[in-house]
Number of protein chains: 2
Amino acid sequence: MRTYAELSPTPRTILTPGPVEVDPRVLRALSYPILGQFDPEFTALMNETMEMLRGLFRTENNWAYPVDGTSRSGIEAVLNSLIEPGDRVLVPIYGRFGHLLHEIAERCGAEVSTIETEWGTVFDPEEVIAAIKRTKPQIVAIVHGETSTGRMQPLEDIGRTCRELDILLVVDAVATIGGVPVETDAWHLDAVIGGTQKCLSVPSGMSPITYNDRAERKVLARKRVERGIRPPGCVEPEVPRRPIQSNYLDLAQLQDYWSPARLNHHTEMTSMLYGLREGLRILHAEGLEARFARHRLHESALVAGLTAMGLALYGDPACKMPVVACVTIPEGIDGESVRSMLLELFSIEIASSFGPLKGKIWRIGTMGYSCSRKNVLHFLGAFEAVLLRHGVKLPAGAALQAALDVYSEAR
Amino acid sequence: MRTYAELSPTPRTILTPGPVEVDPRVLRALSYPILGQFDPEFTALMNETMEMLRGLFRTENNWAYPVDGTSRSGIEAVLNSLIEPGDRVLVPIYGRFGHLLHEIAERCGAEVSTIETEWGTVFDPEEVIAAIKRTKPQIVAIVHGETSTGRMQPLEDIGRTCRELDILLVVDAVATIGGVPVETDAWHLDAVIGGTQKCLSVPSGMSPITYNDRAERKVLARKRVERGIRPPGCVEPEVPRRPIQSNYLDLAQLQDYWSPARLNHHTEMTSMLYGLREGLRILHAEGLEARFARHRLHESALVAGLTAMGLALYGDPACKMPVVACVTIPEGIDGESVRSMLLELFSIEIASSFGPLKGKIWRIGTMGYSCSRKNVLHFLGAFEAVLLRHGVKLPAGAALQAALDVYSEAR
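Residues numbered from 1 in each chain as written. Chains lettered and ligands numbered in written order. Predicted model: local features only at pLDDT ≥ 70, side-chain atom pairs only at ≥ 80, totals over all residues. Heavy atoms only, no water.

According to the stated counting rule, one finds zero disulfides over all chains in the structure shown. A:Cys108 provides the cysteine sulfur closest to A:Cys162, a residue in no disulfide bond, and the two sulfurs are 18 Å apart. Residue class for A:Cys162 comes out buried when judged on its relative accessible area of 0%. In this structure B:Cys199 is not part of a disulfide, and its nearest cysteine sulfur, from B:Cys371, lies 8.1 Å away. (Disulfide = S-S within 2.5 Å. Buried < 20%, exposed > 50% of the residue type's maximum accessible area, 1.4 Å probe, protein only.)

Rendered as structure tokens:
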């Protein structure tokens, strides 16, 4: 066995749409000695985390807790627990992560209908409402912020319609939670999935979710207590008509684990829970409104700088996600070469995109702890230099002046 | 929103059969700034982790990587990817975690046969082999070390038989990996699932797995490239006869993500990967054989101390797991009161057990970083004091003298 070097990661400025830089206070929290999962001191931290998640999701829901896995584990946990085989599910798609909802819903045995709109735009809510009335789904699943295209879908009207028609509305808010408003209760969202590694600035590894009584009723109808923890002498319980497929991602079991009963399921990720709790503590100390305003400010400075360089922003500006800027790669420029030079020489990471947008756009995230004046200004200076080095014609110096103007005006 | 206190966990001596204390070097690794998941520096760390996992599992398998979730996510990923609905699966059960394998296999659509043996014992391999010949399964799933009863199942003969009969053998080695030998190749194990939070002393949050070409062939036959990352213009691929149910726990997708192709799936848990890599680095620096010897030494001292107190060890000693000691709770003693006093006054955590053993035994783990002379000696002194306080008649002072004798002889 060869010897392995001590871990010593190079410091990076991470301006992708996730994962982004982690708040140093969260990194410190990760390094604290662990507590046992049923230690009363630890379960108190779990309960505090639930309280803080309710505040984050703007909900009075009883259930708000993290699923122990990356963001798509939260999506799959919700869909797997809510979709009974044969259920009709409508997925409106406007980017890569809409396709993921389709994929997962299909694997859950749903009869999926999709509507698609051009990448770079979102749906007029009326189009979605028309599709709902046409396809009569039991569940609608939709992405709130599509990082693949940098667009954000208004949800309020869709939520009202789903509630009126008694349809469950599931929302993937992985990329927006903690950076822009996500109004679970006011928008009538029945289940919402968030992510840690984007606007919360906690490393990837947990997926905070919330769901209301309407969703819980469907979950409980499919509940089955696990073999091996049924009380002694317990008769074989009646198997529900369509039990939940997954054990690991079974909300009925997860909510028992997060309830005062603390029914044994997985072993909670103690260190990640420390990190999530600290990330939420920091978020509430900053205040949600102040946090959203910070994201808007740095977005303005970034966009002003990019525009001053003469670069074209991709997509419909009316539905731009405030935490991602997509830039059209200028004709004749190798986008990957630009990204590599930024990473290798400036230690700055930005993203490319997927599918039809591969090689067409760069994506620059301003999320959470990465969303700072320092990062925006460092990036604009570096980006200008790298683009000049690649032969792009641009007014040297203009980007930073434009961004500085935004910051001066904001004083 | 109320204000939340700064995180400040009380230091604990954790002597449960997991989660156990985390090596401080692993805690430090968790606190390093993150790298992006496709940063070449990060993917190099992923590759090193795979190499070190092959050494841990004692295998030449190509595939050895962590699933991003707690241990049962690794179990479900393996079973979900290998079991096609209708497959016959045999699960020999000798404790709580055998029931979990049954539960998960059933949810995967398997026709499960079980054989059970009394808790506190394991199977004579010939019993399992007879059941294999009787039920003719495609897959056998069995636990290597059952923490619920503290027993360990010999696997070599079962492995040989499964290979001869072309049956896939899946082994849950969550509790043994890194503390006692797990010989993936020599014992003919087709897929093995490990845990991080036990003998590896990394926090719960990842589940290292390995599987061989025989297992991979079954996975690949069920492979389906995800919607949204299919190349543009790609025709709708033929859906395999029985595709893998889960997207998150789909080994076909996970291995593409861990391959040089790095096909986008989840966002790797960067900080947990740092922790796992550091835990494996420490393990290989100590050396597997030295590590197993350390576990045996502290087991001897612990058992000598418990015996000197006049306590009865639970279960068949011939198949005792070297990293867990189960103690029969003396008649008339409230086991939970003893555990609470240990935790509240001495900050030491030990475990109770499940199902038929609830209230009957205490379980004391000596795993990974928690497996130390300091912990064994502190625990024995504290345990004696707490038992005396609960009215147990025992020869005061004898436990520590007996343990010290073991340590003197080992010099």
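What follows is about the sheet that holds strand β5 (residues 139-143) of chain B. All names here are of chain B. The strand order β2-β10-β9-β8-β5-β3-β4 describes an open sheet built from seven strands, whose pairing is mixed. Each edge of the sheet is formed by a strand with only one pairing partner; in this case those strands are β2 (63-67) and β4 (111-116). Averaged over neighbouring strand pairs, the angle between their axes works out to 20° when direction is ignored. Contacts from helix α4 (residues 96-107) reach β3 (88-93), β4, β5 and β8 (168-172) within the one sheet, and its direction differs from that of β3 by about 165°. (Pairing = 2+ DSSP bridges. Helix = DSSP H or I, 4+ residues; strand = E, 2+ residues; numbered from the N terminus. Axes fitted to C-alpha atoms, helices over the stretch in contact; angles between N-to-C directions. Contact = heavy atoms within 4.5 Å.)

What follows deals with the interface of chain B and chain A. Between chain B and chain A, the contact holds 85 residues from the first and 85 residues from the second. Taken over both partners, the interface formed by chain B and chain A buries close to 7500 Å², and the fraction arising from carbon and sulfur atoms is 55%. Three residues stand out in chain B for area buried against chain A, namely B:Tyr4, B:Leu7 and B:Arg107, and they jointly supply 11% of the buried area on that side. Summed over the shared surface of chain B and chain A, the result is 16 salt bridges. (Buried area = accessible area lost by both parts, 1.4 Å probe. Salt bridge = Lys/Arg side-chain N within 4 Å of Asp/Glu carboxyl O.)

A few words now on the packing of aromatic side chains. Remark: the centre distance and the inter-plane angle together describe each pair of aromatic rings, the angle taken between the planes. All names here are of chain A. Under the counting rule described, the total for this entry stands at 20 aromatic pairs over all chains. Taking 6.0 Å as the distance between ring centres and 85° as the angle between the ring planes, the aromatic pair formed by phenylalanine 97 and phenylalanine 354 counts as edge-to-face. Here phenylalanine 97, found in helix α4 (residues 96-107), pairs with phenylalanine 354, found in the loop between β12 (348-349) and β13 (361-365); they are 257 residues apart in sequence, far enough to count as distant. We note that phenylalanine 97, like phenylalanine 354, is buried. Taken together through their ring pairs, the aromatic side chains of Phe38, Trp63, Tyr65, Tyr211, Tyr257 and Trp258 make up a single cluster. Seen from the ring of phenylalanine 97, arginine 96 lies directly overhead, with NZ or CZ sitting 4.8 Å from the centre. Cation over ring: arginine 373 sits above tyrosine 407, and NZ or CZ is 5.9 Å from the ring centre. (Phe/Tyr/Trp six-rings, centres within 6.5 Å; stacked < 30°, edge-to-face > 60°. Lys NZ or Arg CZ within 6 Å of the ring centre and 35° of its normal.)

Now for the domain arrangement of chain A. All names here are of chain A. Under the domain assignment used here, chain A contains domain 1 (23-283) and domain 2 (287-410). Between the C-alpha centres of domain 1 and domain 2 the distance comes to 31 Å. Residue-level contacts link 30 residues of domain 1 with 27 residues of domain 2. Taken as a group, Trp119, Arg151 and Leu283 account for 23% of the area that domain 1 buries against domain 2, more than any other trio of residues on that side. Linking domain 1 with domain 2 are one salt bridge, by the criterion used here. The shortest N-O distance in the salt bridge between arginine 58 and glutamate 289 comes to 3.9 Å. In this structure, the connection of domain 1 to domain 2 is made through 13 residue pairs in polar contact (both at pLDDT 80 or more). Those elements giving two or more residues to the side of domain 1 that touches domain 2 turn out to be α2 (40-57), α4, β6 (145-146) and β7 (151-152). Of the residues belonging to the side of domain 1 that touches domain 2, the class tally is twelve nonpolar, twelve polar and six charged. (Domains from an automatic or database assignment. Polar contact = N/O pair within 3.5 Å; in protein donor to acceptor, adjacent residues only side chain to side chain. Nonpolar A, V, L, I, M, F, W, Y, C, P; charged D, E, K, R; others polar.)

A few words now on helix α12 (residues 373-389) of chain A. All names here are of chain A. For α12, built from 17 residues, the straight-helix expectation of 24 Å at 1.5 Å per residue is met to within 8% by its first-to-last C-alpha distance of 24 Å. Listed in full, the buried residues belonging to α12 are Asn375, Val376, Phe379, Leu380, Ala382, Phe383, Glu384, Val386 and Leu387. Buried residues along α12 sit against β1 (13-14), α10 (288-308), α11 (335-346), β12, β13 and α13 (398-410). Backbone geometry just after α12 places glycine 391 at a positive phi near 85°. (Expected span 1.5 Å × (residues − 1).)

Our focus in this paragraph is the UniProt feature "domain: Aminotransferase class V" (unreviewed entry) in chain A. What UniProt calls "domain: Aminotransferase class V" (unreviewed entry) maps, in this numbering, to residues 38-214 of chain A. A helix fraction of 36% and a strand fraction of 22% characterise residues 38-214 of chain A, whose end C-alpha atoms lie 30 Å from each other. (UniProt positions renumbered as here; feature names shortened; annotations may be inferred.)

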